[in-house]
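Take a look at the letters that make up each chain.
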Amino acid sequence: MDFNDVAVIGAGAMGAGIAQVAAAAGHRVSLVDAVPGAAEAAIERLGGGLDRLVAKGRLTTDDAAAIRGRLTPVGAVDELPECALVVEAVPEDLALKRKIFGDLGASQPTWTILATNTSSIDVSAIAEAVIHPERVVGLHFFNPPQVMALVEVVHGEKSGASVLDEAVDLMRAWGKTPVRCSSTPGFIVNRVARPFYGEAQRMVAAGVADPATIDWILREKGGFPMGPLELTDFIGQDVNLAVGTSVWEQTGRDERYAPTEFQRGLVEAGRLGRKSGQGVYTYAADGALVGGDPDLGLAERLVGGPIETDPLARTVAMLVNEAVDLVGRGEATAEDVDVAMVLGTRYPRGPIEWGREIGFAVVSRQIEELDRAFPGGRYRPSPALLDGTLR
């Protein structure tokens with residue numbers, strides 16, 4: 001298929017970034033937004049970003065001009081040219097997405113691949129509005145799309161195998177690293193990462209350690225680029241809570257994904273993180289952390305102790321359990337899970353690799369200990385962990 005013409009719906013940070021990636025790969029790109037003038041403004045901002053890359057010597061003047069020249073604002077979905085690919089990147093609202101996909105299904109040729117950049121909505125639910133739903137897939141880019149290599153290629157119940165193959169090949173041609181997964185709540189990254197945040201929040205709430213000490217352990221002992229509490233402040237407590245709540249709701253309010261009262265309390269108090277000046281931590285006007293010194297003596301006592309009070313072992317065990325569960329259900333391969341978590345979250349290693357290194361039998365015992373210490377379902381071992389599926 002000739003993938004020359006591409007369209008992106010939504011001119012926010014994600015949509016504009018995806019448009020730039022497509023234009024840099026040589027496509028003619030139409031950018032659409034419901035707000036008058038938003039697409040033009042986004043292209044103008046992208047041009048400024050390209051100029052800065054030229055000034056830094058990371059892009060030639062000719063290449064920057066060529067990329068900018070391939071970007072065209074379009075007033076409405078029904079004004080788009082025939083495209084081989086349309087990527088939707090509007091806010092996470094199912095009714096809005098269904099409306100857009102219904103319009104695209106009626107106005108674009110039957111061979112057009114229709115992709116959603118959703119991070120939390122079921123691709124199958126979006127595809128219900130489309131004539132020929134086999135052409136609907138998820139292409140979940142990570143922020144910022146111009147920098148992040150990972151793209152989750154998500155298949156709904158009716159996504160065609162050939163369409164998925166073409167989407168994977170196209171992402172590789174764009175210089176991205178695609179991983180495949182089914183339209184499970186949270187896909188790979190947002191599903192597997194839930195314990196990284198939740199365990200830290202629960203340990204702080206229980207008085208196991210202060211936030212700075214837990215973050216220090218995960219960074220310095222575990223090799224994570226940021227601790228879970230400082231990371232939620234960076235993301236935005238409201239944003240992180242919304243994603244977690246979406247996964248929880250879509251899994252039938254499974255206790256394994258239940259949001260914490262600790263995080264709910266932060267959001268209700270307006271303590272949203274760096275953007276509000278206060279979250280788990282307090283920040284100066286320039287965004288610098290105020291205080292936040294760890295108790296190193298306490299950190300040394302916790303690491304290597306009982307699993308329920310060891311922030312590193314407890315977090316890693318839960319990440320491994322979640323990853324094994326995803327693979328055991330056939331929703332992604334072990335290789336794709338590890339690639340996704342390393343590229344999408346910058347974890348020091350993939351959770352399946354980590355499980356093999358620790359020993360799945362050891363992780364299984366750790367999870368069972370947590371389940372006994374904290375009954376209720378959050379710490380139930382995955383059947384795939386218990387039956388040795390990946391050993």
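Residues numbered from 1 in each chain as written. Predicted model: local features only at pLDDT ≥ 70, side-chain atom pairs only at ≥ 80, totals over all residues. Heavy atoms only, no water.

> Looking at this structure, how should I read the environment of Asp-286?
Its place among the elements puts Asp-286 in the loop between β9 (282-283) and β10 (289-290). A relative accessible area of 64% places Asp-286 in the exposed class. At a separation of 3.0 Å, a polar atom in the side chain of Asp-286 contacts the main-chain amide nitrogen of Ala-288. (Helix = DSSP H or I, 4+ residues; strand = E, 2+ residues; numbered from the N terminus. Buried < 20%, exposed > 50% of the residue type's maximum accessible area, 1.4 Å probe, protein only. Polar contact = N/O pair within 3.5 Å; in protein donor to acceptor, adjacent residues only side chain to side chain.)

> Could you clarify how one ought to interpret a nonpolar patch on the surface in this entry?
A cluster of nonpolar side chains, Phe-234, Ile-235 and Val-239, forms an exposed patch at the surface whose accessible area comes to about 250 Å². Following the sequence through the fold, Val-239 ends up in helix α11 (residues 237-250). The exposure class of Val-239 is partly exposed, given its relative accessible area of 38%. (Patch = residues over 30% accessible without salt bridge, like charges linked within 9 Å, V, L, I, M, F, W, Y side chains within 5 Å. Areas by Shrake-Rupley, 256 points an atom, 1.4 Å probe, with all protein chains shown as cover. Salt bridge = Lys/Arg side-chain N within 4 Å of Asp/Glu carboxyl O.)

> Would you take a moment to explain helix α17 (residues 360-373) for this structure?
One turn of an α-helix holds 3.6 residues; hence residues three or four places apart share an orientation. If you check α17, its first and last C-alpha atoms are 20 Å apart, about what 14 residues at 1.5 Å a residue would give, namely 20 Å. For α17, the set of buried residues is Phe-360, Val-363, Ser-364, Gln-366, Ile-367 and Leu-370. On an axial view of α17, the arc spanned by its buried residues comes to 165 degrees, and they lie on one face. The elements touched by buried residues of α17 are α14 (311-328), α16 (351-358) and α18 (383-386). (Expected span 1.5 Å × (residues − 1). Arc of directions from axis to C-beta. Contact = heavy atoms within 4.5 Å.)

> Before we go on, may I ask you to explain the nonpolar core in this structure?
The biggest cluster of nonpolar side chains holds 79 residues, and the ones touching the most others in it are Ile-188, Val-337 and Ile-352. Broken down by element, this core gets its largest block of residues, 10 residues, from α14. Discounting chain neighbours no more than four positions away, the residues touching Ile-188 are Glu-152, Val-179, Arg-180, Cys-181, Leu-326, Ala-332, Asp-336, Val-337, Ala-340 and Met-341. Ala-11, Ala-39, Leu-46 and Leu-170 belong to the second-largest nonpolar core, a separate cluster that totals 38 residues. (Core = buried A, V, L, I, M, F, W, Y, C linked by side-chain atoms within 4.5 Å.)

> Just checking my understanding: could you explain the pairing of strand β5 (residues 113-116) for this structure?
Along any regular strand, the residues point their side chains to alternate faces of the sheet. Of the two faces of β5, the one lined by Ile-113 and Ala-115 and the one lined by Leu-114 and Thr-116 are each fully buried. The pairing of strand β4 (residues 85-88) with β5 spans four bridges and is classified as parallel. Considered in β5, the bridge of Glu-88 is made with Thr-116. Pairing of β5 with strand β6 (residues 136-141) involves three bridges; the strand directions are parallel. (Pairing = 2+ DSSP bridges.)

> Explanation requested: the sheet that holds strand β7 (residues 150-155) in the structure shown.
Remark on secondary structure: sheet strands pair via backbone hydrogen bonds, oriented parallel or antiparallel. The eight strands are arranged β3-β2-β1-β4-β5-β6-β7-β8 in an open sheet whose pairing can be described as mixed. Only two strands of the sheet have a single partner each, and these edge strands are β3 (71-74) and β8 (177-182). This sheet shows a mean twist of 25 degrees between the axes of neighbouring strands, independent of strand direction. Looking at chain direction, β6 and β7 are connected through five bridges and run antiparallel. (Axes fitted to C-alpha atoms, helices over the stretch in contact; angles between N-to-C directions.)

> Even after reading the chapter, I still don't get the pattern of salt bridges, so can you show me in this structure?
Two side chains bearing opposite charge may form a pair once their charged atoms approach each other closely. All told, the structure shown has 22 salt bridges when counted by the stated rule. Arg-219 is paired through a salt bridge with Glu-220; the nearest N and O atoms lie 3.8 Å apart. What makes Arg-219 partly exposed here is its relative accessible area of 26%. Between Arg-256 and Glu-322 there is a salt bridge whose closest N-O contact spans 3.9 Å.

> How do you make sense of α14 when you look at a structure like this?
The first and last C-alpha atoms of α14 sit 26 Å apart over 18 residues, in line with the 26 Å expected at 1.5 Å per residue. With respect to burial, α14 is a largely interior element, 16 of its 18 residues being buried. Here α14 starts with a cap whose side-chain oxygen sits 3.1 Å from the backbone nitrogen of Leu-312, and that cap is Asp-310. Directly beyond the C-terminal end of α14, a positive phi value near 75 degrees is found at Gly-330.

> Help me out: how do you make sense of the pairing of strand β1 (residues 5-9) in this one?
Taken across its five residues, β1 has five buried, putting it largely inside the fold. Burial along β1 is two-sided: Asp-5, Ala-7 and Ile-9 facing one way and Val-6 and Val-8 facing the other are all buried. Handedness of the crossover is the feature at issue here: the chain leaves β1, passes through helix α1 (residues 13-24), returns alongside strand β2 (residues 28-32), and the resulting connection is right-handed. Two elements, β1 and β4, share four bridges in a ladder whose sense is parallel. Note that in β4 the partner of Val-8 across the bridge is Val-87. (Right-handed = clockwise from strand over helix to strand, strands pointing away.)

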